[in-house]
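An overview of the molecular structure
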Amino acid sequence: MRFTVLIPPEHRNTLLDRVRREIRRSLIWAEGSEADVVIGAVGEGRLAECLIWPGIEGAVALVNAGWERFKDQTHMERLNEVGRALASEQNLDRLLDLILRLGRELLSAEAGSIYLVQSEEPQELLFAHTQNAKLSLPFHRFKMPINPSTLAGFVASTGETLNLGDVYEISAGSPYQFSDAFDKQAGYRTQSMLVVPMQDTEGRMLGVLQFINRVEPEGLQPKVVPFEKEHQDLATSLAGQAGVAVRNAQLREEIEVLFEGFVNASVTAIEARDPVTSGHSGRVADLTVGLAEAVNATPNGLYGELFFSDRQLREVRYASLLHDFGKVGVREQVLVKAKKLQPEKLEVILQRLRQRQLEDALVLMEEAWRKGESFDAGAWARILNGRAEDSERLIHLVLQSNEPTVLAQETADGLSLLGNLDYGHWDGSRKPLVDPKDLSCLNIRRGSLSEEERLEIESHVTHTFRFLQQIPWTKDLGGVPEIAYAHHERLTGTGYPRKLAEKEIPVQSKAMAISDVFDALTARDRPYKGAVPLEKSLSILDEEARSGQLDRVLLDLFIEARVFDRVVKVS
């Protein structure tokens with residue numbers, strides 16, 4: 001600290017001999033017209049002043065008074081700085097480190113430790129963080145009972161502050177004792193110690209702050225001295241600020257754990273509803289976060305000035321994990337539809353074909369009998385075989401058409417003939433063998449979904465957005481709904497559901513679109529298609545970028561940084 005005093009030069013040595021040592025260490029003689037204290041000189045004293053020389057006794061009293069005001073002001077400023085610093089840090093581990101560092105600076109302490117009260121029953125103290133300017137030793141967290149026989153345990157259980165000049169001189173009758181195990185192990189000498197309770201605004205015990213060995217400079221060799229009353233007051237104020245900051249950080253951590261559990265449970269629900277895409281959400285999240293990290297690592301180009309913080313990366317991860325949650329609002333038979341027809345529909349058509357085979361055979365037999373032909377087992381067998389061959393051809397046509405692959409023109413022509421066939425209904429009437437709606441499904445040119453079903457599948461994006469909008473996300477996660485909402489949009493404005501223009505699509509959504517397409521291509525768990533090889537998948541993505549569908553810059557980063565290595569094992 002720099003404590004300035006303006007007095008006539010002839011009185012300086014006399015005054016210096018009379019003031020306390022702590023003042024002498026910080027005192028600087030002022031040469032101008034302003035100083036913290038002005039005595040017997042023309043000038044302005046910020047803390048104390050007397051323009052007439054009051055004598056040496058009066059001067060010492062004024063300097064002492066100014067010094068006390070100076071310390072109070074300095075301590076208040078430093079505590080305010082500490083408070084601002086603590087309020088700006090929300091990560092609990094970094095916060096604990098900051099509390100100790102600022103506390104040690106404030107109290108001139110050589111070392112310090114923080115113990116946190118664990119809420120589980122029975123309550124315990126967690127040795128959560130430590131610092132030592134003299135030693136560099138590996139740090140291991142451990143728990144211990146809240147036992148008043150230890151220094152930290154006594155403070156945690158009673159709420160009292162301990163200010164010990166020398167921990168090795170604690171009387172044998174004291175309820176607490178100092179354990180010298182660490183000193184012996186590390187070759188350290190603990191001497192003065194200040195142990196203060198850390199509580200929240202409601203008085204609940206959160207933990208204990210422990211400061212060790214207050215150091216004062218004395219010549220070339222610093223000296224360990226006891227903590228004084230003012231240091232105890234400072235530590236108490238610090239503990240109050242730290243308690244609020246720690247509680248806020250703990251609450252935030254609890255909220256984050258809650259969100260993490262909710263997101264994981266939601267992913268489980270998605271995968272239970274659509275088992276064939278199990279793992280898809282996790283892989284898309286890994287890829288999208290990896291691509292965002294690649295953006296961070298690239299200081300030039302279109303996204304050179306873009307940087308995703310840790311919290312923004314978490315936002316991206318959550319949006320990616322939940323991007324398909326809206327599938328819970330899609331009918332299960334549509335969601336898991338692997339072929340063009342539902343199994344029960346296909347079964348009915350195939351059964352009708354077999355029924356038609358027998359019906360045609362009976363008609364031919366009946367015609368032969370009407371012509372007077374006698375029963376001939378061989379002729380009957382030939383009729384049955386002929387009808388069976390026709391049925392097998394039609395069954396093969398239906399089965400081939402039912403596959404979600406590209407429908408060949410020859411197969412499509414055969415389906416047109418299928419629409420003209422009928423069968424005998426149980427009510428005695430003749431009805432179309434294939435329902436027009438089912439025939440329309442078999443005529444799907446590519447994939448397994450009809451136009452109506454495709455729109456229903458696409459609606460999962462809107463369901464996702466509406467669901468995510470209902471969640472009271474924290475401020476740093478507020479973009480999750482919008483990022484997930486746009487993952488099927490395309491730069492050409494041809495995506496869904498809103499057909500956004502390129503500038504309207506968040507960068508995070510553009511990255512997720514690449515990850516989503518890549519995983520859909522390379523996934524090995526889809527029953528309706530095989531996994532597309534890596535090179536072919538990247539080629540397809542390249543074509544999408546060439547046509548303006550996907551972001552070219554992000555795709556180049558995706559490939560250059562080999563983000564795909566996170567989910568695809570290249571043999």
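Quick note: structure is the one above.
Presented here is an overview of the structure given in this document. Predicted model only: the values in this text are computed from it and were never measured.

In this section: the overall build of the chain. Scanning the chain from N- to C-terminus turns up 20 helices and 13 strands. Relative to a compact globule of 571 residues, whose C-alpha radius of gyration would be 25 Å, the chain shows 40 Å and is clearly more extended. A principal-axis box enclosing the C-alpha atoms of the chain has dimensions of 150 × 55 × 45 Å. When burial is assessed residue by residue, the chain has 47% of its 571 residues classed as buried. Across the chain, every contact between residues at least 6 apart in sequence was considered, and the portion connecting residues at least 24 apart equals 63%. With an accessible surface of roughly 29,600 Å², the chain has 53% of that area assigned to carbon and sulfur atoms. Charged side chains in the chain number 67 positive and 85 negative. The centres of these two groups are separated by 2 Å.

The next subject is the packing of helix α18 (residues 507-522) against helix α20 (residues 552-560). Remark: α18 packs on α20, axes separated minimally by 10 Å, with the N-to-C direction vectors making an angle of 55°. By the angle class used here, α18 and α20 are oblique. For the crossing formed where α18 meets α20, the hand is right-handed. On α20, the residues touching V507, K510, A511, I514, S515 and F518 of α18 are L554, L555 and F558. Residues belonging to the contact of α18 with α20 are distributed by class as follows: 7 nonpolar, 1 polar and 1 charged.

What follows deals with the sheet that holds strand β2 (residues 27-29). Reading across the sheet, the 4 strands line up as β2-β1-β3-β4 and stay open at both edges, with parallel pairing between neighbours. Taken across any chain shown, the strands that pair with only one partner, and hence form the sheet edges, are β2 and β4 (44-50). Recorded for the sheet is a direction-independent mean angle of 30° between the axes of neighbouring strands.

Taking 1.5 Å per residue as the helical rise, helix α12 (residues 377-402) with its 26 residues ought to reach 38 Å, and the 37 Å between its terminal C-alpha atoms agrees with that figure. Along α12, the positions that sit buried rather than exposed are I383, A388, D390, S391, L394, I395, L397, V398, S401 and N402. The inward-facing, buried residues of α12 contact α11 (343-370), α13 (409-418) and α14 (436-442).

What follows covers the packing of aromatic side chains. Under the counting rule described, the total for this entry stands at 15 aromatic pairs. Measuring from centroid to centroid gives 5.2 Å for F3 and W67, while their planes differ by 75°, and the two rings are edge-to-face. Here the residue F3 occupies a position in strand β1 (residues 3-6), and W67 occupies one in helix α3 (residues 56-88), the gap between them amounting to 64 residues. Using a relative accessible area of 0% as the deciding quantity, one classes F3 as buried. One aromatic cluster in this structure is built from F3, W67 and F70. The ring of Y485 carries R498 above its face, with NZ or CZ at 3.8 Å from the centroid.

Glancing now at helix α19 (residues 534-546). Taking 1.5 Å per residue, 13 residues should reach 18 Å; α19 reaches 18 Å between its end C-alpha atoms and fits that length. For α19, the complete set of buried residues consists of L534, S537, L538, L541, D542 and A545. One side of α19 holds all its buried residues, which, seen down the axis, span an arc of 145°. Contacts made by the buried residues of α19 are with α18 and α20. A positive phi of about 85° marks G548, the residue just after α19.

L86, I99, L107, I114, L209, F211 and V246 are the most contacted members of the largest nonpolar core, which has 31 residues in total. No other element matches the 9 residues that helix α4 (residues 92-107) contributes to this core. Here V246 is in contact with L92, L95, L96, I99, L116 and M198, once residues within four sequence places are set aside. Listed in part, the 27 residues of the second largest apolar core include L287, F308, V532 and V568.

Definitions and limits used
Residues numbered from 1 in each chain as written. Predicted model: local features only at pLDDT ≥ 70, side-chain atom pairs only at ≥ 80, totals over all residues. Heavy atoms only, no water. Helix = DSSP H or I, 4+ residues; strand = E, 2+ residues; numbered from the N terminus. Rg over C-alpha atoms; globule rule 2.2 N^0.38 Å. Buried < 20%, exposed > 50% of the residue type's maximum accessible area, 1.4 Å probe, protein only. Contact = heavy atoms within 4.5 Å. Areas by Shrake-Rupley, 256 points an atom, 1.4 Å probe, with all protein chains shown as cover. Lys, Arg positive; Asp, Glu negative; His and termini not counted. Charge placed at Lys NZ, Arg CZ, Asp CG, Glu CD. Axes fitted to C-alpha atoms, helices over the stretch in contact; angles between N-to-C directions. Parallel < 35°, antiparallel > 145°, perpendicular 65-115°, else oblique. Left-handed = near helix turned anticlockwise from the far one by under 90°. Nonpolar A, V, L, I, M, F, W, Y, C, P; charged D, E, K, R; others polar. Pairing = 2+ DSSP bridges. Expected span 1.5 Å × (residues − 1). Phe/Tyr/Trp six-rings, centres within 6.5 Å; stacked < 30°, edge-to-face > 60°. Lys NZ or Arg CZ within 6 Å of the ring centre and 35° of its normal. Arc of directions from axis to C-beta. Core = buried A, V, L, I, M, F, W, Y, C linked by side-chain atoms within 4.5 Å.

Fair warning: the whole summary comes from geometry, so function is off the table for now.
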